[in-house]
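Working through the structure, step by step
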Number of protein chains: 2
Amino acid sequence: MGYTYLPVEQVRAYCEQIFVRHGFSAEESRGIVDVVLTADLYGIESHGVQRMIRYHDSLVKELVHTDAKPRVLFETKLSAVLDGNRTMGQVTARAAMELAIAKCREHGFGAVTVRNCNHYGIAGYYARMAAEEDFLGFSSTNTEAIAIPTFGRQPMLGTSPLALCMPADPYFFWYDVATTVVPRGKLEIYNKRGDALKDGWAADEYGNSCTDAGRVLDNINAKRPGGIFPIGGGSVDTGSHKGYGLGIIAELFTGIFAGGHTSPHVENGGMGDTSFGFMALDYGMFGDKKEIRGRMSELLEELRASEKAEGRSRIYTHGEKEMESMAEKQKTGIPVNEKTLEELRMIGAYVGISFGGMEMQRG
Amino acid sequence: MGYTYLPVEQVRAYCEQIFVRHGFSAEESRGIVDVVLTADLYGIESHGVQRMIRYHDSLVKELVHTDAKPRVLFETKLSAVLDGNRTMGQVTARAAMELAIAKCREHGFGAVTVRNCNHYGIAGYYARMAAEEDFLGFSSTNTEAIAIPTFGRQPMLGTSPLALCMPADPYFFWYDVATTVVPRGKLEIYNKRGDALKDGWAADEYGNSCTDAGRVLDNINAKRPGGIFPIGGGSVDTGSHKGYGLGIIAELFTGIFAGGHTSPHVENGGMGDTSFGFMALDYGMFGDKKEIRGRMSELLEELRASEKAEGRSRIYTHGEKEMESMAEKQKTGIPVNEKTLEELRMIGAYVGISFGGMEMQRG
């Protein structure tokens with residue numbers, strides 16, 4: 001697939017205008033697009049501007065409520081529960097994490113959950129918001145059920161990510177993982193290529209490991225049994241039960257603590273049904289922050305500097321590849337595939353703004 | 001290996017007497033033995049009375065300080081950091097979790113870390129202490145390094161468990177997992193049997209997956225490169241990087257937040273060098289506790305009731321097997337292997353108490 005490179009600030013301004021035309025304030029639009037572009041800058045194309053068409057469609061169909069505001073349902077010194085009122089996920093998620101951070105700043109810890117909302121993009125964005133304030137950040141969202149429990153065959157849990165971000169130098173520890181062994185997008189890529197899936201990624205309608213991507217995706221689309229295995233794969237020998245439990249933990253901090261739909265009851269791909277959980281913790285509660293941050297930085301450096309496996313030249317720590325990707329894309333621009341480029345033009349035409357000559361020459 | 005069944009309350013009294021003879025108070029001894037016996041009752045033999053010999057030896061050698069007390073190094077409303085002063089892990093860990101629970105009771109959240117301590121037994125015991133008070137509980141400990149980072153070959157992280165316990169009915173959600181794909185004990189069992197390890201469990205001295213248990217254990221014992229892979233196994237295809245990150249998270253909540261040794265610097269099998277982390281969170285910060293507990297119970301029941309994989313008759317939720325094991329062992333007694341039985345007699349003889357006719361007839 002051919003890629004065109006778009007300059008970061010131009011694509012940012014263009015996407016912001018799209019949301020402004022859809023009725024969001026300039027500030028809300030900036031917030032939404034920052035989440036979207038961070039994914040592209042970090043090299044997570046699946047959650048970047050290629051999702052603009054999905055956001056656009058749901059705004060056109062009024063599945064996402066532009067004028068609604070989240071409402072505080074319950075609040076304590078350390079916590080709040082919000083009704084997302086089917087608002088744009090990124091707008092309400094940012095507000096929720098900001099509230100958690102404010103509570104953390106005042107009391108040392110803040111936890112905010114949200115129900116009845118929409119996809120919020122990359123979980124790690126919000127965890128990082130807390131780390132930018134020199135706090136430990138946590139974020140999770142549930143999703144429509146696609147993961148099968150150990151010894152099961154029915155999709156019961158989401159790909160629900162767990163994200164945690166801890167300040168460190170030169171890179172934050174930025175952990176953001178789906179609680180399934182692979183995301184659904186990976187099955188789709190293998191299916192397009194006609195490649196067999198790896199054993200332990202996905203289950204057929206009987207709950208057995210299945211390498212036929214087409215069959216697995218057909219079952220998922222038809223809402224038949226079968227789905228993706230949790231982290232740890234399809235056998236307790238490889239730790240399936242450990243990933244299955246992480247999926248339950250993600251559900252606890254989202255659907256359960258938000259009083260929203262749990263993954264088995266999330267419908268319409270999560271439109272309006274999604275729950276989030278956010279936490280910020282001032283790690284100064286454990287002593288001098290410079291010392292603690294220094295110890296974390298040292299551990300991460302020791303990991304990177306430790307002996308490499310045969311044939312490997314680097315050991316990464318979580319968030320390092322993303323920082324390198326961002327530095328590179330600030331220079332080259334954001335790579336956008338042909339289909340997405342066409343969608344971006346089409347969305348602009350729909351809302352009445354010009355795409356212009358945004359394409360970069362490859363350096 | 002032959003097993004003898006010992007009545008729970010008799011073995012409890014016997015083990016408590018051993019610790020009393022070693023200089024602990026009756027209350028401390030009760031606390032230590034409750035942690036040890038909970039492992040046996042839950043079916044986690046590796047952490048049960050078979051470890052009595054290890055505890056006894058370290059007390060005889062004065063590696064564990066009987067008279068020392070933990071000291072508060074730093075404290076806030078929500079938190080504390082303790083110096084474990086090389087005390088018995090279970091005594092100080094219980095005190096630390098009790099302090100976290102007291103802070104949680106007053107403020108809604110409590111976090112306590114401990115450095116310079118000794119093995120504390122099963123991580124889940126302490127998470128459960130918070131759940132018994134109707135709070136969400138979390139516990140972790142670091143260990144001597146045995147896990148290799150993704151693309152590495154040098155042991156850098158521990159088997160460091162992550163434990164979380166959330167109140168639910170009829171069973172708590174009780175999650176307690178090593179952040180390695182398998183524990184070291186599993187390699188030892190396979191080695192004794194002469195069985196090949198599963199692919200993706202352990203690495204040879206070059207960092208490649210290795211199924212030769214003897215070779216892996218020899219390398220570990222000789223402190224050569226090689227070790228156990230994190231959850232997710234030996235390849236990013238199976239999610240190795242996800243488990244590697246969980247190992248770092250366990251380290252963050254223990255060695256880093258406690259200001260203790262991190263796993264690469266834990267020596268002597270962790271004697272006096274181990275760090276712990278405990279958190280208690282009053283989930284009433286998210287609304288009515290009965291409703292939240294009810295929602296969690298419902299999700300767990302939905303998981304257990306969901307369609308089973310071909311050839312499977314049950315789906316478990318975490319903590320369910322342990323409750324069934326406990327109910328059974330309250331009747332049958334605790335199964336103790338021949339070697340452990342001999343060690344228990346020997347320890348009693350050393351400290352001057354009688355083992356007596358404790359063995360049960362098998363029901």
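Residues numbered from 1 in each chain as written. Chains lettered and ligands numbered in written order. Predicted model: local features only at pLDDT ≥ 70, side-chain atom pairs only at ≥ 80, totals over all residues.

As a further point, take the overall build of chain A. For chain A, the count of helices and strands is 11 helices and 11 strands. Taken over C-alpha atoms, the radius of gyration comes to 21 Å for chain A, in line with the 21 Å a tight globule of 363 residues would show. When the backbone C-alpha atoms are referred to their principal axes, chain A occupies close to 50 × 50 × 50 Å. Split into buried and exposed, the 363 residues of chain A put 59% on the buried side. (Helix = DSSP H or I, 4+ residues; strand = E, 2+ residues; numbered from the N terminus. Rg over C-alpha atoms; globule rule 2.2 N^0.38 Å. Buried ≥ 20, exposed ≤ 12 C-beta atoms within 10 Å, placed from the backbone.)

All names here are of chain A. On domain assignment, one finds that chain A holds domain 1 (3-61 + 333-351), domain 2 (65-181 + 237-332) and domain 3 (183-228). Its C-alpha centre places domain 1 at a distance of 22 Å from the equivalent point of domain 2. Counting residues at the interface gives 22 residues for domain 1, matched by 17 residues for domain 2. Contributing elements (two or more residues each) for the side of domain 1 that touches domain 2: helix 2 (26-41) and helix 3 (52-60). Tallying contributions element by element places helix 2 first for the side of domain 1 that touches domain 2, with nine residues. (Domains from an automatic or database assignment. Contact = placed C-beta atoms within 7 Å.)

What follows deals with the relation of the copies chain A and chain B. Mapping chain A onto chain B calls for a rotation angle of 180° and an axial translation of 0.0 Å; the resulting RMSD is 0.0 Å. A rotation of that kind, with that shift, is consistent with a two-fold axis. Considering only C-alpha atoms, the residue of chain A closest to the rotation axis is G232 of chain A, which sits at 2.6 Å. (Least-squares fit on C-alpha atoms with pLDDT ≥ 70 in both.)

Contacts between chain A and chain B engage 63 residues on the former and 63 residues on the latter. Among the secondary structure elements, those contributing two or more residues to the side of chain A that touches chain B are strand 3 (79-83), strand 4 (109-117), strand 6 (161-166), strand 7 (173-178), helix 8 (240-258) and helix 9 (289-305) of chain A. When residues of the side of chain A that touches chain B are assigned to their parent elements, the largest contribution, eight residues, is made by helix 8 of chain A. Considered class by class, the residues forming the side of chain A that touches chain B number 32 nonpolar, 19 polar and 12 charged. (Nonpolar A, V, L, I, M, F, W, Y, C, P; charged D, E, K, R; others polar.)

Our focus in this paragraph is the sheet that holds strand 2 (residues 71-75) of chain A. For sheets, the rule is that strands pair by backbone hydrogen bonds, running either parallel or antiparallel. All names here are of chain A. Taken in spatial order, the seven strands line up as 2-3-4-10-5-6-7 in an open sheet, and their pairing is mixed. Of all strands in the sheet, those bounded by a partner on one side alone are strand 2 and strand 7. Taken over all neighbouring pairs, the strand axes of this sheet differ in orientation by 15° on average, direction set aside. The sheet contact formed by strand 5 (residues 136-141) and strand 10 (residues 274-281) spans six bridges and is antiparallel. Following the sheet pairing, T141 is matched in strand 10 by F276. (Pairing = 2+ DSSP bridges. Axes fitted to C-alpha atoms, helices over the stretch in contact; angles between N-to-C directions.)

Residues and elements named next belong to chain B. Taking 1.5 Å of rise per residue, 19 residues should cover 27 Å, and helix 8 (residues 240-258) covers 27 Å from first to last C-alpha, within 8% of that figure. If you look at helix 8, its biggest bend is around 40°, right at L252. Among the 19 residues in helix 8, 19 count as buried, and that is most of the element. Residue G259 follows helix 8 closely and has a positive phi angle near 70°. (Expected span 1.5 Å × (residues − 1). Bend = angle between axes of the 7 residues up to and from the residue.)

The next point concerns the nonpolar core. Core analysis: the biggest nonpolar cluster contains 226 residues, and A100 of chain A together with A100 of chain B have the highest contact counts within it. What A100 of chain A contacts, discounting residues up to four positions off in sequence, is G110, A111, V112, F278, M279 and A280 of chain A. (Core = buried A, V, L, I, M, F, W, Y, C linked by C-beta atoms within 7 Å.)

Our focus in this paragraph is the pairing of strand 7 of chain A. Residues and elements named next belong to chain A. Of all six residues in strand 7, six are buried, a share of seventy percent or more. Residues F173, Y175 and V177 line one face of strand 7 and the alternating positions W174, D176 and A178 line the opposite face, and both faces are buried. Bridge analysis of strand 6 against strand 7 gives six bridges, and the strand direction is antiparallel. Along strand 7, the bridge assignment pairs L162 with V177. From the end of strand 6 to the start of strand 7, which pair antiparallel, there are six residues.

This paragraph deals with the pairing of strand 6 of chain A. All names here are of chain A. Counting buried positions along strand 6 gives six out of six residues, so the element sits mostly inside the fold. Note: strand 5 against strand 6, four bridges, orientation antiparallel. Following the sheet pairing, F138 is matched in strand 6 by L164.

Cis rather than trans, the peptide bond between D169 of chain A and P170 of chain A has omega equal to 0°. Among the secondary structure elements, P170 of chain A is positioned in the loop between strand 6 and strand 7. The backbone of D134 of chain A sits at a positive phi, close to 65°, despite the residue not being glycine. On the secondary structure map, D134 of chain A appears in the loop between helix 5 (123-132) and strand 5. With 13 C-beta atoms counted inside 10 Å, the residue D134 of chain A sits in the partly exposed group. Here F151 of chain B, not a glycine, exhibits a phi torsion of approximately 75°, which is positive. Tracing the chain through its elements places F151 of chain B in the loop between strand 5 (136-141) and strand 6 (161-166). Owing to 19 C-beta atoms within 10 Å, F151 of chain B belongs among the partly exposed residues under this scheme.

Here we come to the packing of helix 4 (residues 89-107) of chain A against helix 5 of chain A. All names here are of chain A. The N-to-C vectors of helix 4 and helix 5 enclose an angle of 30°; their axes lie 10 Å apart at closest approach. For the pair helix 4 and helix 5, the sense of crossing is right-handed. Residues A93, M97 and I101 of helix 4 touch helix 5, and the partners they reach there are Y126, M129 and A130. For the contact of helix 4 with helix 5, the per-class residue count stands at six nonpolar, no polar and no charged. (Left-handed = near helix turned anticlockwise from the far one by under 90°.)

This next bit is on the sheet that holds strand 3 (residues 79-83) of chain B. All names here are of chain B. Spatially, the seven strands line up as an open sheet ordered 2-3-4-10-5-6-7, and their pairing is mixed. Each having just a single partner strand, strand 2 (71-75) and strand 7 (173-178) make up the two edges of the open sheet. Across this sheet, the average inter-strand angle for adjacent strands is 15°, counted without regard to direction. Here helix 5 (residues 123-132) sits on the sheet in contact with strand 5, strand 6, strand 7 and strand 10 (274-281), set at roughly 160° to strand 5.

Below, the discussion takes up the packing of helix 1 (residues 8-21) of chain A against helix 11 (residues 338-351) of chain A. Residues and elements named next belong to chain A. Where helix 1 meets helix 11, the axes come as close as 10 Å, and the angle between the chain directions of the two elements is 40°. Regarding the angle of helix 1 to helix 11, the classification is oblique. With respect to the hand of their crossing, helix 1 and helix 11 are arranged in left-handed fashion. In this structure, helix 1 uses Y14, I18 and R21 to contact helix 11, whose residues at the interface are I347, G348 and V351. For the contact of helix 1 with helix 11, the class distribution of residues is four nonpolar, one polar and one charged. (Parallel < 35°, antiparallel > 145°, perpendicular 65-115°, else oblique.)

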